[in-house]
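What the coordinates show
Below are the chains, spelled out letter by letter.
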Amino acid sequence: MMRFKEEKEAKKEAFRKYLESCGALDCLTKVLVALYEQNDKPSSALEFIQQKLGGPSVSDYEKLQAEKSDLQIKYNELFAKHQETLRELDGVKSLHSRNSSKDDEDREAIEDEHTALVAPPHH
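The numbering scheme is per chain: residues are counted from 1 as the chain's sequence reads. This being a predicted model, a pLDDT of at least 70 is required before a residue's local features are given, and a value of 80 or more before pairs of side-chain atoms are given or counted; all residues contribute to the totals for chains, interfaces and linings. The side-chain values count all of the structure's non-hydrogen atoms but skip hydrogen atoms and water molecules.

**Examining the overall build of the chain**
What counts, and what does not: Numbered from the N terminus, helices here are DSSP runs of H or I no shorter than four residues, and strands are runs of E no shorter than two. Summary of the burial criterion: residues with accessible area below 20% of their type's maximum are buried, those above 50% are exposed, and those between are partly exposed, where the area comes from a 1.4 Å probe applied to protein chains only. Each accessible area is a Shrake-Rupley result for a 1.4 Å probe, and residues are judged covered by the shown protein chains and nothing else.
Along the chain, the regular secondary structure elements total four helices and zero strands. Counting from the amino terminus, the chain carries its helices and strands in the arrangement α-α-α-α. A burial count over the chain gives 4% of its 123 residues as buried. Counting every atom, the chain has about 11,300 Å² of accessible surface; 58% of that belongs to carbon and sulfur.

**Describing the state of the cysteines**
Stated precisely, the cut-off is as follows: The rule for a disulfide is simple: a pair of cysteine sulfur atoms within 2.5 Å.
Taken as a whole, this structure holds zero disulfides when the rule is applied. Looking at the unpaired cysteine 22, the closest cysteine sulfur is the one in cysteine 27, lying at 9.6 Å. Judged by its relative accessible area of 47%, cysteine 22 falls in the partly exposed class.

**Quick notes on the environment of glutamine 51**
Mapped onto the elements, glutamine 51 comes out in helix α3 (residues 45-52). With relative accessibility at 43%, the residue glutamine 51 sits in the partly exposed group. It is 9.6 Å that separates the C-alpha atoms of glutamine 51 and valine 31, two residues lying 20 residues apart in sequence.

**Brief notes about the pattern of salt bridges**
In plain terms, the rule: The term salt bridge refers to a side-chain nitrogen of Lys or Arg lying within 4 Å of a carboxyl oxygen of Asp or Glu.
Per the counting criterion, the structure on display carries five salt bridges. Linking arginine 16 and glutamate 20 is a salt bridge whose minimum nitrogen-to-oxygen distance equals 2.5 Å. In this pair, arginine 16 and glutamate 20 are both assigned in helix α1 (residues 2-21), four residues apart and thus about one turn of the helix distant. The salt bridge partner of aspartate 26 is lysine 30, with a shortest N-O separation of 3.4 Å. Remark: lysine 30 and aspartate 26 occur in helix α2 (residues 24-37); sequence separation between them is four residues, near one turn of the helix. When salt bridges that share partners are traced, they join Glu13, Arg16 and Glu20 into one network.

**Re the packing of α2 against α3**
The line we're drawing: As a rule, the C-alpha atoms of each element are fitted with a line to give its axis, helices using only the stretch in contact, and angles between N-to-C directions run from 0 to 180 degrees. Under this scheme an angle from 65 to 115 degrees is roughly perpendicular, one under 35 degrees roughly parallel, and one over 145 degrees roughly antiparallel; angles in between are oblique. Definitions for this section: a left-handed crossing has its near helix turned counterclockwise from the far helix by less than a right angle. A right-handed crossing has that turn clockwise. In what follows, a contact means two residues having at least one pair of non-hydrogen atoms within 4.5 Å. Three categories are distinguished: nonpolar for Ala, Val, Leu, Ile, Met, Phe, Trp, Tyr, Cys and Pro, charged for Asp, Glu, Lys and Arg, and polar for the others, with Gly belonging to the last.
Running from N to C, α2 and α3 point in directions that differ by 130°, and their axes come no closer than 10 Å. The pairing of α2 with α3 is recorded here as oblique in orientation. As α2 runs across α3, the sense of the crossing is right-handed. Only Ala45, Phe48, Ile49 and Lys52 of α3 make contact with α2, whose side of the interface consists of Val31, Leu32, Ala34 and Leu35. Here the residues of the contact of α2 with α3 sort into seven nonpolar, no polar and one charged.

Written out as structure tokens, the structure is:
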């Protein structure tokens, strides 16, 4: 049982050192001190902390969510239009390809007729 407590304490200490080495402990301490020193305490301590750490406020977050939703709708509409345009393009290419093949056949038939008319008869 004692070994378990020692391992748990060792893990806590390792985590504390990790937070200290990357500057997180100092950053959190500064934010909490700033909150403590506020004469008029904010209605939401969590929002205060988020703002001090560089995160958006709740209202900013909600605006960003709404904007993201609007942009997703616009993206979906544009993507659908793009897909439709690609289908139309494929149709035009297919039509052009068929017309091109028909033109080639017509050209060959005309050339054959021309050759038959111009070529001297074989005796």
